[in-house]
Each structure stands twice: as C-alpha cells, then as structure tokens.
Amino acid sequence: MNLIDTPLLAAALATGAITVAAWPLHPRRVRVASDRTPPAPHGEERSIVARRRVRRALRRPPTARAVADWCDDLARTLRSGSTLRDALETTLPADDATRHATDTMRMQLERGRPVADTVTRSGSIGAHLSLAFGVIGVVARLGGAPAAAIDRTAMTLRRRAADSDERRSQAAQARLSAQVLTAVPVSMLALLLATDDDVRTVIARPVGAGCVVAGLVLNGLGALWMRRIVGATP
C-alpha cells in the first residue's frame, strides 16, 4: 500500500461509516424497507424482483398478529354455524405468509384427513401458528366450543405481539448505543486519514494497514454481536 491508495481507503472507510450509521433502530423495519426496493426499469426484471420479494415474504414464519387475525376469522365462521372442518377449509388468512403456511393443512383436509391429524402434521410453521394448530387439534379431539377456544388463542397471540413490541421499545436505547459505538471508530479513522499526514504515513505501512484491517474486522464482528443481542425478539 502506498500513499496514493490512502484517499481511496479514506473514501471506502467513510462509505462504510455512512452505511453503519444508517443502521435503523428497529431491526424488523430493515426487512420491510428492503422489500420496498424500487422496481427495475425493465418488465422482466420487475417480475423477477417481485417474485423474489414474494418468496422472501413466504419463507418467513407468520407473525403473532397475522395468526390472531386468522383465528378471529375462524371464530366468526364457527359462530355462523360452520363446522370446524368447513371453517378451516373456507377461511383463508389475509396474510400471505399465514396463507402459505396453512395451504398444506387445507389440502389435507380436502383429501379427507381428520382435522386432529392434519394440524399435527403440517410441518414447521412457526411458534405462533403452532400454538393455534395445537388448540385446534385439542378441540378436534375433545370437542367442546371451538369458537371460544380459538378466541382465547387470538387474545394470547395479541399479548405476545404486544410484549414483543414493548421489548423492542425498551431496547431502543441499547440499539442506539450499539449504532454509535460501531459508527464512531470508523468515522474517526476516516477523518484522521483525510486530515492527518502522520496517520496516512502509518497506514501506508504493512503493519499499520494490518492493524486497520484487524480493527475493522473486530468492529464489524462487535456490531453483529451487539445487533444480535439487542435485536433478538421473538
């Protein structure tokens, strides 16, 4: 590395600092924002982007609120006089991920499989939908008032969602601290490279460049670790 390369290194570090500084406080908003990428100019590329966006959304497990809304719809259908099997076959979730996760269940029901066996063999569907299916399976085996049980399941899922929102709100200060601790060292290094000849001289040497690379790697690992700690909410 020579002195000619240091402006390029400074520009790269400044770009990295800006990228880190743009790390949002709400981890789930990152995924929502990334799904709203402007479409490509060509029609074929737009369709490819749209298909990838749909596949990403369908791979995610259903959220607690989405499953709660589906449970509310099931309870209303049951109160209108439908049987549990008919309600499960005809009540489609409004959420795409929930609809995709329950497609196998509806297909098995249409083939005549019992409700209790169907909901226990629907594969990996996420914790929230597993709770709803567990309650449906118990009701199908033991009988009783399915609408009331499914209503209580919806209330439990909404409490889960509210608790998760509360935890994310309480962790906002920790996420801000993690963001600052990640961005400040990189920004300071970029500023020193742009203004201090001695720093550029040290960075131009193999030992100095190695120290900078090691520091950036450790800083990145620390950022990932802190983000995992403060952003891990069920």
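Further up the page is the structure itself.
None of the values given here were measured: they were computed from a predicted structure.

Draft legend 1. Broad picture of helix α11 (residues 172-195). Helix length check: α11 (24 residues) gives 34 Å between terminal C-alpha atoms against 34 Å at 1.5 Å per residue, within 8%. Regarding α11, the residues found buried are R175, A178, Q179, T182, A183, V186, L189, A190 and L193.

Draft legend 2. A look at a nonpolar patch on the surface. Taken together, the side chains of V213, V217, L218, L221 and L224 present a nonpolar region at the surface, about 510 Å² in accessible area. Relative to the helices and strands, L221 is located in helix α13 (residues 206-231).

Draft legend 3. Structural view of the packing of aromatic side chains. Applying the stated criterion across every chain, the model contains one aromatic pair. Ring geometry for W70 and F133: centres 6.1 Å apart, planes at 65°, overall edge-to-face. Within this pair, whereas W70 is found in helix α4 (residues 64-79), its partner F133 is found in helix α9 (residues 127-142), the two being separated by 63 residues in sequence. Each of the two residues, W70 as well as F133, counts as buried.

Draft legend 4. Here's a closer look at the environment of R121. Within the fold, R121 resides in the loop between α8 (115-120) and α9. In sequence terms R121 and F133 are twelve residues apart; their C-alpha atoms lie 9.8 Å from each other.

Draft legend 5. Broad picture of the nonpolar core. Counting residues in hydrophobic clusters, the biggest one holds 28 residues, and the most contacted among them are W70, L84, L88, L129, F133 and I136. Going through the elements one at a time, α4, α5 (84-90), α7 (103-110), α8, α9 and α10 (146-170) are the ones with two or more residues in this core. Ranked by residues supplied to this core, first place goes to α4 with eight residues. With sequence-adjacent residues up to four places away left out, L88 is seen in contact with W70, L74, M105, R106, L109, V115 and I136. By size, the runner-up hydrophobic cluster in this structure holds five residues, among which are L189, L193, I203 and V212.

Draft legend 6. Up close: the packing of α10 against α11. Axis separation between α10 and α11 bottoms out at 4 Å; the angle between their running directions is 45°. In terms of their interaxial angle, α10 and α11 are classed as oblique. From α10, R168, S169 and Q170 reach across to α11, where they touch A172, Q173 and R175.

Rules and cut-offs
- Residues numbered from 1 in each chain as written.
- Predicted model: local features only at pLDDT ≥ 70, side-chain atom pairs only at ≥ 80, totals over all residues.
- Heavy atoms only, no water.
- Helix = DSSP H or I, 4+ residues; strand = E, 2+ residues; numbered from the N terminus.
- Expected span 1.5 Å × (residues − 1).
- Buried < 20%, exposed > 50% of the residue type's maximum accessible area, 1.4 Å probe, protein only.
- Patch = residues over 30% accessible without salt bridge, like charges linked within 9 Å, V, L, I, M, F, W, Y side chains within 5 Å.
- Areas by Shrake-Rupley, 256 points an atom, 1.4 Å probe, with all protein chains shown as cover.
- Salt bridge = Lys/Arg side-chain N within 4 Å of Asp/Glu carboxyl O.
- Phe/Tyr/Trp six-rings, centres within 6.5 Å; stacked < 30°, edge-to-face > 60°.
- Core = buried A, V, L, I, M, F, W, Y, C linked by side-chain atoms within 4.5 Å.
- Contact = heavy atoms within 4.5 Å.
- Axes fitted to C-alpha atoms, helices over the stretch in contact; angles between N-to-C directions.
- Parallel < 35°, antiparallel > 145°, perpendicular 65-115°, else oblique.

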